[in-house]
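Given next are the chains, with one letter for each unit.
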Amino acid sequence: MGTKIRIEFSKCYSQFAICYSPIYALCSMPLPDLRPTAAAAAPDEQIFEQTLRPKTLAEFVGQEKIKENLSIFLEAARRRKEPIEHVLLYGNPGLGKTTLAHVIAAEMRVPIKVTSGPALEKVGDLAAILSSLEPGEVLFVDEIHRLNRQIEEVLYPAMEDFALDLVVGKGPAARTLRLTLPRFTLIGATTRMSLLSSPLRDRFGVTYRLDYYEEKEILSILKRSAKLLGVAAGEIALQEIASRSRRTPRVANRLLKRVRDYAEVRHSGTITSEIAVQSLASLEVDRLGLDAVDRRLLTAIIERFRGGPVGLSALAAATAEEVDTIEEIYEPFLLRLGFLERTPRGRLATPRAYEHLGLKPPERPTLL
Ligand code: ADP
């Protein structure tokens, strides 16, 4: 009787956890990054993103190796009439992990429930969701590296044996009750593979690493988005946006939206290449996709620390940015462009960074 009540309660709880997960997530996350080039989604972007999200593997642009591998994996599971194994997706924000999770569920013709590491605060939150899953259903856990240890431990038997171990009662009378769960597929997404514990990592059947896109792939994403949004935009204009998108679909779509606003307010609404260039300049996004904060960081290293090496905390103090923000948000792109180098003694601006900012690199290379 006691158990029954708990489970029914947990089912209501699951609705709550799923409906309100963005709120939970917001409470426990740092302030959103609202730059036009930020790779993480802004809180008000969800509807816009859903409109543009590809629904099938065929519509999903790029990541060819993953698509090829995934299509075999999905077809084999469909033939066996079995749910697919648990999937781990990792890669920087905005590269398509959430989209791919939805595509997988759609291709398997199964429903999907969405939650995230920070939204699952208590063991009960996860137990509620697990006990409400239907056979074959996909459970997508975004930011899975942010799950707490107790929740992870509930997840292990759920992933391995499709069982939910519930503790019933308190004190000496407490006992564990094992509930059988339907076979489901967990899809976890992470931007920080190194923060994932190895027992959790080992329980995924397959892992896919999403990479930055080719510029021509971003261009085709932009063409599709322009069509879906009913925006008139020339090929060269879209090319301008693609080249400044940090090879990230989310950034590309967001820049398209901002350029569309500019074209509608200042011009007739059609995005020409001149309008694209003007509006991107007004957003302070340069031809490589660097924005004002990226340039401020590089300028600080070059001018205040003579090119580096400089420790992250000194750099953070000099630019009034948070250490974590520099490390997680700005630095990966600057490293990828080859503008920064990470050395044991700190961050170093490369000659490329000097050239991009119109500065003369030092005569002799800085000694490490
Ligand atoms: P992540 O979960 O990795 O942060 P999302 O899956 O939310 O990224 O993708 C962000 C946006 O970029 C989505 O709204 C989607 O429209 C677009 N997008 C991502 N990947 C692709 C892709 N391969 N093809 C087309 N659009 C994509």
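Residues numbered from 1 in each chain as written. Predicted model: local features only at pLDDT ≥ 70, side-chain atom pairs only at ≥ 80, totals over all residues. Heavy atoms only, no water.

> Help me understand the site of the ligand, please; the structure alone is not making it clear to me.
Around the ligand sit 18 residues in total, of which Arg-53, Val-61, Gly-94, Thr-98 and Thr-99 are the nearest. In this structure, Glu-49 approaches the ligand through a main-chain N or O atom, which is 3.2 Å from an oxygen atom. In the model, an oxygen atom of the ligand is placed 2.6 Å from a nitrogen or oxygen of the Thr-98 side chain. Bound to the protein, the ligand loses 97% of the 560 Å² it would expose on its own. Contributions of two or more residues to the shell around the ligand are made by helix H3 (46-52), helix H5 (97-107) and helix H11 (249-266). Classifying every residue of the shell around the ligand by side-chain character gives 9 nonpolar, 5 polar and 4 charged. (Near = heavy atom within 4 Å. Polar contact = N/O pair within 3.5 Å; in protein donor to acceptor, adjacent residues only side chain to side chain. Areas by Shrake-Rupley, 256 points an atom, 1.4 Å probe, with all protein chains shown as cover. Helix = DSSP H or I, 4+ residues; strand = E, 2+ residues; numbered from the N terminus. Nonpolar A, V, L, I, M, F, W, Y, C, P; charged D, E, K, R; others polar.)

> Would you mind going over the packing of aromatic side chains with me for this structure?
A ring pair, where both rings are aromatic, is described by two values, the distance of the centres and the angle of the planes. Inspection of every chain in the model, using the stated rule, returns 1 aromatic pair. Here Phe-162 and Phe-184 contribute two aromatic rings whose centre-to-centre distance is 5.5 Å and whose plane-to-plane angle is 90°, an arrangement assigned as edge-to-face. With Phe-162 in the loop between helix H7 (149-161) and strand E4 (163-168) and Phe-184 in the loop between strand E5 (175-180) and strand E6 (185-190), this residue pair connects regions lying 22 residues apart in the sequence. Each of the two residues, Phe-162 as well as Phe-184, counts as buried. (Phe/Tyr/Trp six-rings, centres within 6.5 Å; stacked < 30°, edge-to-face > 60°. Buried < 20%, exposed > 50% of the residue type's maximum accessible area, 1.4 Å probe, protein only.)

> Before we go on, may I ask you to explain the pairing of strand E8 (residues 340-343) in this structure?
The two faces of the sheet receive side chains in turn, since in a regular strand these alternate between them. Of the pairings in the sheet, the one linking E8 to strand E9 (residues 346-349) comprises 4 bridges and is antiparallel in character. Note that in E9 the partner of Arg-342 across the bridge is Arg-347. With antiparallel pairing between neighbouring strands as the criterion, E8 and E9 make up a hairpin whose turn holds 2 residues. (Pairing = 2+ DSSP bridges.)

> Even after reading the chapter, I still don't get the confidence of the model for the chain, so can you show me in this structure?
In this model, the chain carries a mean pLDDT of 87, and residues with pLDDT of at least 70 account for 89%. Between residues 1-29, whose pLDDT stays under 50, and residues either more than four places distant or in other chains, the model counts 37 contacts. (pLDDT = per-residue confidence, 0-100. Contact = heavy atoms within 4.5 Å.)

> Is there a simple way to think about H5 in this case?
Side chains of residues three or four places apart in an α-helix project in the same direction, reflecting 3.6 residues per turn. Of all 11 residues that make up H5, 9 are buried, and the element is covered over most of its length. Buried within H5 we find Lys-97, Thr-98, Thr-99, Leu-100, Ala-101, Val-103, Ile-104, Ala-105 and Glu-107. On its buried side, H5 packs onto helix H4 (64-80), strand E1 (87-90), strand E2 (112-116), strand E3 (138-142) and E6.

> Explain helix H13 (residues 292-304) to me, please; I cannot follow it from the model alone.
With 13 residues, H13 should cover 18 Å at 1.5 Å per step; its first-to-last C-alpha distance of 17 Å lies within 8% of that length. Here H13 has its buried residues at Val-293, Asp-294, Leu-297, Leu-298, Ala-300, Ile-301 and Ile-302. Contact partners of the buried residues in H13: helix H14 (312-319), helix H15 (323-336), E8, E9 and helix H16 (351-356). If you check the start of H13, you find a side-chain oxygen 3.1 Å away from the backbone N of Val-293, and it comes from Asp-291. A positive phi of about 50° marks Arg-306, the residue just after H13. (Expected span 1.5 Å × (residues − 1).)

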